[in-house]
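# Structural characterization, general
Listed below are the residues making up each chain.
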Amino acid sequence: GHVYVASSKMDPVKTAQLINDMQSASDLPLLIHSDLECGPGTKFDGGTIMPWPMGIAQTRSEELAYDMAAITAKEARAMGIHLINSPVLDVNINADNPVINVRSFGDDPDLVTRMGTAFYKGLNDYGLIGAAKHFPGHGDVAVDSHSKMPAILADRERLDSVEFRPY
């Protein structure tokens, strides 16, 4: 059956116990996934809450991007999580973008690439799988894709030099 948690944040110890119970009950190993863009503290009580990626990127410190991911990985793996929806590798080149904005490492494809690479290294070094998001080009939309269908009006050259670069 499905497990529904009504509280706004989940208890990490109970989460680890639940994951362990599910793993024990399954004939196959389960791949456990969560959406932790700004660290486990956004979803789990007592977890670390990280700054938005754009704030980290403004320091230009790949070490901080690495550390953000390493802390996230350590805390997520302690609960039994294997995979997260992060990092956001959208290049936020549209100031009217209502959905990506500070979730991105910024509007410079090279900076997004450097910070994203450091973030991935931090995840990988501590055993967590990262799933880059969103679809390349999502940094250049002017509508919230959760409720409307965005269109990306760019030629292949621009897609290659901006949107696809971090991927």
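Notes on the structure follow. (Residues numbered from 1 in each chain as written. Predicted model: local features only at pLDDT ≥ 70, side-chain atom pairs only at ≥ 80, totals over all residues. Heavy atoms only, no water.)

## Notes on the sheet that holds strand β2 (residues 83-84)
Filter applied, for reference: Note on pairing: DSSP must find at least two bridges between two strands before they are called paired. Per the convention used, a helix needs a DSSP run of H or I reaching at least four residues, while a strand needs a run of E reaching at least two, with both numbered from the N terminus.
Taken in spatial order, the three strands line up as β1-β2-β3 in an open sheet, and their pairing is parallel. Each end of this open sheet is capped by a strand with a single partner; those strands are β1 (33-34) and β3 (129-130). Sheet analysis places β1 next to β2, joined by two bridges and oriented parallel. Residue pairing in the sheet places S34 in a bridge with I84 of β2.

## Quick notes on the nonpolar core
Put simply, the rule reads: The nonpolar core is taken to be a set of buried Ala, Val, Leu, Ile, Met, Phe, Trp, Tyr and Cys residues, with the residues joined through side-chain atoms within 4.5 Å. Buried, partly exposed and exposed residues are distinguished by accessible area as a fraction of the type maximum, computed with a 1.4 Å probe on protein chains only: under 20%, between the cut-offs, and over 50%, respectively. Whether two residues are in contact is decided by their heavy atoms, any of which lying within 4.5 Å being enough.
Counting residues in each nonpolar core, the largest one holds 26 residues, and the members touching the most others are I81, I84, F105, M115, F119, L123 and L128. The set of elements that each furnish at least two residues to this core consists of α2 (53-58), α3 (62-79) and α4 (109-125). Look past the residues within four positions of F105 in its chain and what remains in contact with it is P53, M54, A57, P87, V88, L111, V112, M115, G116 and F119.

## Concerning unusual backbone geometry
Put simply, S86 and P87 share a cis peptide bond, and its omega is 10°. With an omega of 10°, the peptide bond between K133 and H134 qualifies as cis. Here H134 shows up in the loop between β3 and α5 (156-163). Phi is positive for N101, close to 25°, though the residue is something other than glycine. The residue N101 is located in the loop between β2 and α4 in this model. By relative accessible area, N101 is classed as partly exposed at 28%.

## With respect to the packing of α3 against α4
Selection rule: Only the contacting stretch of a helix is used when fitting its axis, a line to C-alpha atoms as for every element, and angles between N-to-C directions run 0 to 180 degrees. Should the near helix be turned anticlockwise from the far one by less than a right angle, the crossing is left-handed, and should it be turned clockwise, the crossing is right-handed. Asp, Glu, Lys and Arg are counted as charged, while Ala, Val, Leu, Ile, Met, Phe, Trp, Tyr, Cys and Pro are counted as nonpolar; the rest, among them Gly, fall into the polar class.
In contact at an axis separation of 7 Å, α3 and α4 are set at 35° when each is read in the N-to-C sense. Crossing of α3 over α4 shows right-handed handedness. Between α3 and α4, the residues in contact are E62, A65, Y66, M68, A69, A70 and A73 and R114, M115, A118, F119, K121, G122, L123 and D125, respectively. Residue composition of the contact of α3 with α4, grouped by class: ten nonpolar, one polar and four charged.

## Brief notes about the environment of G46
Summarising the element assignment, G46 is placed in the loop between β1 and α2. Along the backbone, G46 and P12 are 34 residues apart, and their C-alpha atoms lie at a distance of 7.7 Å.

## Some words on the pattern of salt bridges
We count it as follows: Basic side-chain nitrogens of Lys or Arg form a salt bridge, by our definition, when they fall within 4 Å of a carboxyl oxygen of Asp or Glu.
Under the counting rule described, the total for this entry stands at nine salt bridges. For the salt bridge of E37 with R103, the shortest nitrogen-to-oxygen distance reads 2.6 Å. A residue pair is termed long-range when its members are at least 10 positions apart, and E37 in the loop between β1 and α2 and R103 in the loop between β2 and α4 qualify at 66 residues. We classify E37 as buried; its relative accessible area is 10%. Given the relative accessible area of 13%, R103 is considered buried. In this structure, D125 and K121 form a salt bridge, with 3.2 Å as the shortest nitrogen-oxygen distance.

Read these as spatial facts, not as claims about activity.
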